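Notes for the structure review
Here is how the chains run, residue by residue.
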Amino acid sequence: MAATNKTDLLTVTSREYDKLRALLSGIDADTALTKREEDTSIKDVIAHRAHWIDLFLGWFHDGQMGKPVHFPAEGYKWNALKRYNASLRTAQADLGWAEAVALLETRHDKLRAFLEASSDEALYGGPMKGARNAWTTGRWAEAAGPSHYRSATRFIRAALRKAA
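Below is a short write-up of the structure. (Residues numbered from 1 in each chain as written. Predicted model: local features only at pLDDT ≥ 70, side-chain atom pairs only at ≥ 80, totals over all residues. Heavy atoms only, no water.)

1. Observations concerning helix H7 (residues 137-144)
The buried fraction of H7 amounts to six of the eight residues, a majority that puts the element mostly inside the structure. Packed against the buried residues of H7 are helix H1 (6-24), helix H3 (42-64), helix H5 (97-117), helix H6 (120-124) and helix H8 (146-163). (Buried < 20%, exposed > 50% of the residue type's maximum accessible area, 1.4 Å probe, protein only. Helix = DSSP H or I, 4+ residues; strand = E, 2+ residues; numbered from the N terminus. Contact = heavy atoms within 4.5 Å.)

2. Overview of the pattern of salt bridges
One pass over the full model with this rule turns up nine salt bridges. Of the charged contacts in the structure, one is a salt bridge between Lys19 and Glu16, with a shortest N-O distance of 3.7 Å. Of the two residues, Lys19 and Glu16 both sit in helix H1, three residues apart, roughly one turn of that helix. Here Lys19 falls in the partly exposed class, since its relative accessible area comes to 39%. (Salt bridge = Lys/Arg side-chain N within 4 Å of Asp/Glu carboxyl O.)

3. Remarks on H8
Between its first and last C-alpha atoms H8 spans 25 Å; for 18 residues at 1.5 Å apiece the expected length is 26 Å, and the two agree. All of the buried residues along H8 are Pro146, His148, Tyr149, Ser151, Ala152, Thr153, Ile156 and Ala159. Tucked inside the fold, the buried residues of H8 contact H1, H3, H5 and H7. (Expected span 1.5 Å × (residues − 1).)

4. Details of the packing of H7 against H8
Two elements in contact, H7 and H8, have axes separated by 3 Å at closest approach and are oriented at 20°. When the axes of H7 and H8 are compared, the pair comes out roughly parallel. Between H7, through Arg139, Ala141, Glu142, Ala143 and Ala144, and H8, the contact on the second element is made entirely by Pro146, Ser147 and His148. Of the residues in the contact of H7 with H8, the class split is four nonpolar, two polar and two charged. (Axes fitted to C-alpha atoms, helices over the stretch in contact; angles between N-to-C directions. Parallel < 35°, antiparallel > 145°, perpendicular 65-115°, else oblique. Nonpolar A, V, L, I, M, F, W, Y, C, P; charged D, E, K, R; others polar.)

So, in structure tokens, the structure goes:
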């Protein structure tokens, strides 16, 4: 169930991030860089999650400034996510394991700072500006943060089980 207030959103964000970070701490670079299903590595998934936090923060700021908000990104529609994610993996191909983990950490810190600086009203008082749907800013933040952390944790656990 999605959070409906700032306190719950901060709680779920911290909980899911802590689970993911604990899992990442036991993964070496060789394991993280091994390509798996759909030519995706654990490193790719972690770098992807960091990137989507940036996308969310960009969507929010563009909406606040009255600029067009491109979901998921300019030139892409939601039905083109596989193509977008493949291009993202290509763009992040030279990123190492330690760099990907550090990127996730800095982006998580940015997301947390954003949430802490936002009021309940700003997060849940109505649809996010520019989103063209009923989702609140808090719901978009949850999708980019803790929901993505949770799915990354599932992907990594499954990858590690298959590797064992």
